[in-house]
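Residues per chain, in single letters:
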Amino acid sequence: MRAAIYARVSTERQERQQTIGSQVSALRDWADNQGHALAEAHVFRDEGYSGSRLDRPALDALRDAVRDAAIDVVAVVSPDRLARKYAYQVLLMEEFRRAGCQVVFLHHPISDNPNDQLLLQIQGAIAEYERAVLAERFRRGKLQKARDGNILSSKVPYGYRYEARCGVMPAHLVVDEAEASMVRELYAWVLEEGLTVRQCTKRLNAGPWVTRSGRRQWAPSVVYHILTDPVYTGTAYANRFDYVVPSRPRSRSRRSAERSSRRLRPPEQWIAIPVPPLVDQQTWDRVRAALARNGAMAFRRNKKHDYLLRCLLKCGRFGLVPHGCYFPAQCGRSGKRYYRCAGADPLTTGRETKCPRAQIPADGLEQAVWTHIVNLLQDPAQILAQFERLSCQTDTASRDAASAQLRARIERLDRADRRLLEAYQAEVISLEELSGQRRALAEQRHLAEQHYEHQRHVEERRLKAREAFADLTAFSERISARLETASIAERQAILRLVVERIIVHDDTLEIQHVIPLRGTTPGNGPRPSGSVGLRSDGVGPTRGLGDRPRLSVRLVERVIAGIGVGLQYRDGGVVAVQPLGRQRGRHQGGEGR
């Protein structure tokens, strides 16, 4: 008879330990003893494949050979080598029997006798139970190793090397300086130069850096993973993901129903493992914020029309973010761009009333904001003067005198407290009197300390404003020649530098300015004193430029007559936008919603 043999092991470790070789040897001996013809093409091996799956290469080849009537008998060591699930065992044996092929198990011979069939069912159930027990033990063992500080991931993050467990020393990561320098430089590109993930990928591909596999072409997904993986802050996490069946598989195959999709577990289930950090937590947080902002401001989210103020506007009435919309030309009227408040539809926002400003014409609003920004950059002293007004600044002598008075008051209160203690020790006053008077002194000292801290904070803000003024002045000088001819992308970049939010009120615009100051370069300590605190404008060279560092001055300015805009709502849903101080007129065109 023409025979075939099938052997399987689940892991590569079993393969290295030659357990599959022992199966093949036993099956070859059986075929020789029975006098069957065993061709080398009919020796089927599945090395490193789980018995809970049917999509195994050697098993598929065996099933094809049985279907083509190329073999008469199939020998397997035991039923669990054929499949770990009883349902799969029955499916395969019934398929082989329909094709006229006999199935032989060396360790557990099975016939058509009802008793043998019952035994096969029991063996299949036991094999499935063993697999579930082994999987649970393996899972719990991995968790315990992680709690002991062992690195479990087989994929070592870029910038590190894996050191296996040695004695009492757990498996851990060590810094690969050649790769780590590139990781730090990648973070600096995002923070200092404002590069996006794609721009970082292009620079890596054009430079001397190579991937872990030795390829020169970097993928954006790898760059994004490096910029968002928390391991680079000094903490690796085990048990971070749960593997589930994908809700929308990319392709329909036999693996579509397997748990191949990752889902984040709740943070309290993560197991933290300390590793050497490559960047500090503040740098990592700033990079995440920059990537999130780049994603929201990406041009790919709008393919047809440009909106200068996208992601910067906020409705002053409902606090919602207006979005850009376009009404095409019709009836001889040209198409119009609008900023539409999400509160215009109370059904989708779950509100009882709708926003009275259904939509705001984009051209007038953008022109008003850009005109204000141009005037601001041409005369940065406006922001400094407003900041000093908001800070209620007085002259330097008055500030110093007030601070000296507060310090003297705190010292007097401390001396009074010491005198009370001395009086109590000399038995001049009772414990009750001591407690009451010390409580009153403590309240007075607390108030004095609050006033002193407030004055110190105001002084710090004044110094920050001066520093921001110097940075903003240098920045304005570099780009003043390009303000009127700047493209839409350049204008958006400028707005992102000096504007944090634009709040649209009934008749005014409230522009919240943010002025980045000098921060730190990731991994390299403080920034040199001669560097510029604003990001590159594309005109001058980029020298240590930061992307909205934490150290910033936030100013709120209400744009009023001559610069601001007047908003008027009418029944048809059209909003007229005109500079204040001029005669308002109705905007023709753009009817409908």
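Residues numbered from 1 in each chain as written. Predicted model: local features only at pLDDT ≥ 70, side-chain atom pairs only at ≥ 80, totals over all residues. Heavy atoms only, no water.

Draft legend 1. Representation of the packing of helix H7 (residues 177-192) against helix H8 (residues 197-206) in the model. Direction vectors running N to C along H7 and H8 enclose 135°, while the axes themselves pass 10 Å from each other. Considering the angle they form, H7 stands oblique to H8. When the axes of H7 and H8 are compared, the crossing they make is right-handed. When H7 is examined against H8, the residues Met182, Leu186, Trp189 and Val190 are found in contact with a partner set consisting of Cys200, Arg203 and Leu204. (Axes fitted to C-alpha atoms, helices over the stretch in contact; angles between N-to-C directions. Helix = DSSP H or I, 4+ residues; strand = E, 2+ residues; numbered from the N terminus. Parallel < 35°, antiparallel > 145°, perpendicular 65-115°, else oblique. Left-handed = near helix turned anticlockwise from the far one by under 90°. Contact = heavy atoms within 4.5 Å.)

Draft legend 2. Broad picture of the sheet that holds strand S2 (residues 37-47). Taken together, the 4 strands give an open sheet; going across it, the order is S2-S1-S3-S4, and neighbouring strands pair in parallel fashion. Across the chains shown, the open sheet's two edge strands, defined by having one partner strand only, are S2 and strand S4 (102-105). Each adjacent strand pair in this sheet contributes to an overall mean axis angle of 20°, direction not counted. (Pairing = 2+ DSSP bridges.)

Draft legend 3. A look at the pattern of salt bridges. A full pass over the atoms with the stated rule returns 18 salt bridges. For the salt bridge of Arg203 with Glu193, the shortest nitrogen-to-oxygen distance reads 3.1 Å. In this pair, Arg203 is assigned in helix H8 and Glu193 in the loop between H7 and H8, connecting sequence segments 10 residues apart. The class of Arg203 is partly exposed, set by a relative accessible area of 31%. Under the relative-accessibility criterion, Glu193 is labelled partly exposed at 29%. When the shortest N-O distance is used, the salt bridge between Arg456 and Glu453 registers 2.5 Å. Here Glu453 and Arg456 lie together in helix H15 (residues 431-479), a separation of 3 residues that amounts to about one turn. Arg456 sits in the partly exposed class, given a relative accessible area of 38%. (Salt bridge = Lys/Arg side-chain N within 4 Å of Asp/Glu carboxyl O. Buried < 20%, exposed > 50% of the residue type's maximum accessible area, 1.4 Å probe, protein only.)

Draft legend 4. Spatial organisation of the environment of Lys202. Examined against the element boundaries, Lys202 turns out to sit in helix H8. Residue class for Lys202 comes out exposed when judged on its relative accessible area of 57%. Distance in space between the C-alpha atoms of Lys202 and Trp218 is 8.1 Å, their sequence separation being 16 residues.

Draft legend 5. Representation of a nonpolar patch on the surface in the model. There is a patch of nonpolar side chains on the surface, built from Leu118, Ile122 and Ile126 and spanning about 260 Å² of accessible area. Positionally, Ile122 belongs in helix H6 (residues 114-147). (Patch = residues over 30% accessible without salt bridge, like charges linked within 9 Å, V, L, I, M, F, W, Y side chains within 5 Å. Areas by Shrake-Rupley, 256 points an atom, 1.4 Å probe, with all protein chains shown as cover.)

Draft legend 6. Main features of the packing of H8 against helix H9 (residues 220-228). Viewed as axis vectors pointing N to C, H8 and H9 meet at an angle of 110°, and their least axial separation amounts to 9 Å. Accordingly, the angle class assigned to the pair H8 and H9 is roughly perpendicular. H9 is crossed by H8, and the crossing has right-handed handedness. Here Val197, Cys200, Thr201 and Leu204 of H8 come into contact with H9, specifically with Pro220, Val223, Tyr224 and Leu227. Tallied by class, the residues present in the contact of H8 with H9 amount to 7 nonpolar, 1 polar and no charged. (Nonpolar A, V, L, I, M, F, W, Y, C, P; charged D, E, K, R; others polar.)

Draft legend 7. Spotlight on H8. Listed in full, the buried residues belonging to H8 are Val197, Cys200, Thr201 and Leu204. Buried residues of H8, viewed axially, fall in a sector of 100°; they line one side. Relative to its buried face, H8 has exposed residues pointing more than 90 degrees away, namely Arg198, Lys202 and Ala206. Its buried side turned inward, H8 meets H7, H9 and helix H10 (281-296). (Arc of directions from axis to C-beta.)

Draft legend 8. Representation of a positive patch on the surface in the model. A contiguous patch of positive charge on the surface is contributed by Arg409, Arg412, Arg415, Arg418 and Arg419. Here Arg412 shows up in helix H14 (residues 396-425). (Lys, Arg positive; Asp, Glu negative; His and termini not counted. Charge placed at Lys NZ, Arg CZ, Asp CG, Glu CD.)

Draft legend 9. Geometry of the side chain of Arg240. For Arg240, the position within the fold is in the loop between strand S7 (235-238) and strand S8 (241-244). Lacking a salt bridge, the buried Arg240 has Asp229 as its closest oppositely charged neighbour, with an N-O distance of 4.2 Å. Ignoring any residue separated from it by four or fewer positions in sequence, one finds Arg240 in contact with Asp229, Pro230, Arg263, Leu264, Arg265 and Trp270.

Draft legend 10. Representation of the packing of aromatic side chains within the structure. Following the criterion strictly, the structure yields 6 aromatic pairs and no others. Centre to centre, the rings of Tyr158 and Trp218 are 5.3 Å apart; their planes meet at 80°, and the pair counts as edge-to-face. Of this pair, Tyr158 sits in the loop between H6 and strand S5 (160-163) while Trp218 sits in the loop between H8 and H9; the two residues are 60 residues apart in sequence, bridging distant segments of the chain. Taking the relative accessible area as the measure of exposure, Trp218 reaches 6% and is therefore buried. Aromatic side chains Phe327 and Tyr338 sit 5.3 Å apart centroid to centroid with 75° between the ring planes, which places their arrangement in the edge-to-face category. Highlighted residues: Phe327 in strand S12 (residues 323-327) and Tyr338 in strand S13 (residues 336-340), separated in sequence by 11 residues. Of the two residues, Phe327 and Tyr338, neither departs from the other in class, the shared state being buried. (Phe/Tyr/Trp six-rings, centres within 6.5 Å; stacked < 30°, edge-to-face > 60°.)

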